[in-house]
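What the coordinates show
Single-letter residue listing:
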Amino acid sequence: MSKIVLGIDDLPGDGVLADPVCGAQGQVLLAAGSVLTRRVVESLRRLGVRTLTIETPAAAATSRVAPDAQQVHARVRVLFRHAIRTGVVNPLMHFIPPYRLGDAP
Amino acid sequence: MTRLSAQQVVAGVRDLPTLPAVVVELIESLGKNDISAGELAVKISHDQALAAKTLRLANSSFYGMSRQVTSLADATAILGLRTVRCVATAAGLAGVMSMGSCKGFDFKAFWRHSVATALCTRGLARARRMDEETAFVVGLLHDIGRLALASCFPAAYAQVIAYQAAHDCLPLDAERFVLGTDHAVAGALITEHWRFTPAIVEAIRGHHDPFSASDAASLGDLVHIADNIAHGLDLSGTPDDIVPPLSMDAWLRLALDEGECREIFHGTESQYESVCQALLA
C-alpha cells in the first residue's frame, strides 16, 4: 500500500488514515481507513498526535475497491482445505469471509 | 527419508547461534517485575543493533506514538517497562536467526507468519486478561522449531518441504513422516536450551495440541488459536498456506464469539505491516 507520513498541520482536506492511531496502551483510537475530517483532526491534535500516516491517492483508490465475494470464498476454501477434507469443524472458516467482505456479524 | 533421533536434534540445537547475553537476561526476566527501568535501558543500549530495532519498533504505528521516541530511556518512560522488555526481546530473537541455506525454506514468510501470530496471541491475551508480554513472545517463537530444523539439518528439511509440496499435507505431518520428529518438539528443545520459562516451553511444545490443566484457557490455547487465525487471515503471503486443525477443546476454553474474533482480526492486521517492517528490516 502507498502511504505517506504527514504533520498534522500539513494534511490535505479529508485525507484517509492509512495506519491506525493507537494510544500508549496499544488501544486503537482511530482505525485505518477513517476519513480525516477537520473535526477528527482537531480531536487528534488535542490528544497530542503530531503526525499521521495517510493513504496516497493511488492507494486510496485501490483500497476502496470492494473485495470480490467469490474470490474471498475461494481463497478461504484453499486455506481451510485441511478442515474441508477431514470434516474437522473450524468456526474461523465461517468468521473470516464476512469479516473480509465487511458484512455485519 | 532422514530419520532424526532426539539426540541428533538436541545436538543440532546446541550448535545454533548463542543468544546475546542481554537477550538471555531479558528472557529470564519475562514475567518478573523486579527489574528497574534504568537498568533495562542500560542493558539494551549495550547491543547497538538491538537498541536500534527497539527504537524502530517503539516508533512504529504498533505503539502509535504522537512524537518521535529517540532514546531508550524515553522509550521506557513512555511505553512502560514491560512493553520495552517485550519489544527488545522480540527484536533480539529476530536478529539472531539469520537466513539459512535450506532449499525451499521461505525465511521471509516464516517471520511474517510469526509476527502475525505474535500480534494475534497478544490480542487474545488482552481479551482474556492474560499476560500480553509473554503471549507476544510465545507467538513470535511458536514455530522456531521449523527454523531450527531447517538451520541444523538443511538437506533433511528440504526433503520435508518437497514432501509437503508433493502431498499438499500439513508441515507437521511432513516433518513426522520424513524426519520422525516435528517442529513443536524441536521448538521446545531450543527454547529450553535458551532457558525460557517452563510455561513458554510447554506452550510451544503443545501449540498444535494444546493442553490446559483446568477449564481456563492456557498460554498454549492462546498461541494455538492465534496460529489458526494468522494462517486463516492469509498474512504470510504464501499461495500454498494451509490452516492446521483447530482444537475444539482450546476453542471452547477461550470461548470467543464472532465479534471478539473480528476485533482480534482487525487489531492484528492494523499493526501487522508496521511490526514486520520494524522487526524484520
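Given the structure is predicted, the values throughout are model-derived calculations rather than measurements. (Residues numbered from 1 in each chain as written. Chains lettered and ligands numbered in written order. Predicted model: local features only at pLDDT ≥ 70, side-chain atom pairs only at ≥ 80, totals over all residues. Heavy atoms only, no water.)

Comments concerning the packing of helix H7 (residues 107-127) of chain B against helix H8 (residues 132-141) of chain B
Residues and elements named next belong to chain B. As a reminder, the rule being used: Working convention: axes come from line fits to C-alpha atoms, limited for helices to the stretch in contact. Angles between N-to-C directions cover 0 to 180 degrees. By definition, any uninterrupted DSSP run of H or I lasting at least four residues is a helix, any uninterrupted run of E lasting at least two residues is a strand, and each is numbered from the N terminus. Each angle is binned into one of four classes, with values under 35 degrees roughly parallel, values over 145 roughly antiparallel, values of 65 to 115 roughly perpendicular, and all other values oblique. Here a crossing is called left-handed whenever its near helix is offset anticlockwise from the far helix by less than a right angle, and right-handed whenever the offset is clockwise. Between two residues, a contact is recorded if the distance between any of their heavy atoms is within 4.5 Å. Any residue outside Ala, Val, Leu, Ile, Met, Phe, Trp, Tyr, Cys, Pro, Asp, Glu, Lys and Arg is labelled polar, Gly included; the first ten of those are nonpolar and the last four are charged.
It is at 7 Å that the axes of H7 and H8 come closest, and there the two elements cross at 155°. Of the possible angle classes, the one that applies to H7 and H8 is roughly antiparallel. In the packing of H7 onto H8, the handedness of the crossing is right-handed. Packed against H7, whose contacting residues are Trp111, Ser114, Val115, Thr117, Ala118, Leu119, Thr121, Arg122, Ala125 and Arg126, the element H8 presents Glu132, Ala135, Phe136, Gly139 and Leu140 at the interface. Classifying every residue of the contact of H7 with H8 gives eight nonpolar, four polar and three charged.

Thoughts on the confidence of the model for chain B
All names here are of chain B. So the rule is basically this: Scored from 0 to 100, pLDDT records how confident the predictor is in each individual residue.
The share of residues in chain B with pLDDT of 70 or more is 90%, and the mean pLDDT across the chain is 84. Mean pLDDT across the elements of chain B ranges from a minimum in helix H6 (residues 81-96), with 70, to a maximum in helix H14 (residues 219-232), with 97. Predicted complex metrics record ipTM = 0.84 and pTM = 0.76.

Concerning the domain arrangement of chain B
Applicable threshold: An automatic or database domain assignment is the source of the domain bounds shown.
Each assigned domain of chain B is listed here: domain 1 (6-17 + 98-280) and domain 2 (20-96). Relative to domain 2 of chain B, the C-alpha centre of domain 1 of chain B lies at a distance of 23 Å.

Thoughts on unusual backbone geometry
Residues and elements named next belong to chain B. To be explicit about the condition: The classification of residues rests on relative accessible area computed with a 1.4 Å probe and restricted to protein chains. Under 20% of the type maximum is buried, over 50% is exposed, and intermediate values are partly exposed.
The phi angle at Asp234 is positive, at roughly 65°, despite the residue not being glycine. Checked against the element boundaries, Asp234 lands in the loop between H14 and helix H15 (248-254). Given a relative accessible area of 25%, Asp234 falls into the partly exposed group. At Ala255, a position not held by glycine, the phi torsion is positive, near 50°. Secondary-structure assignment places Ala255 in the loop between H15 and helix H16 (258-280).

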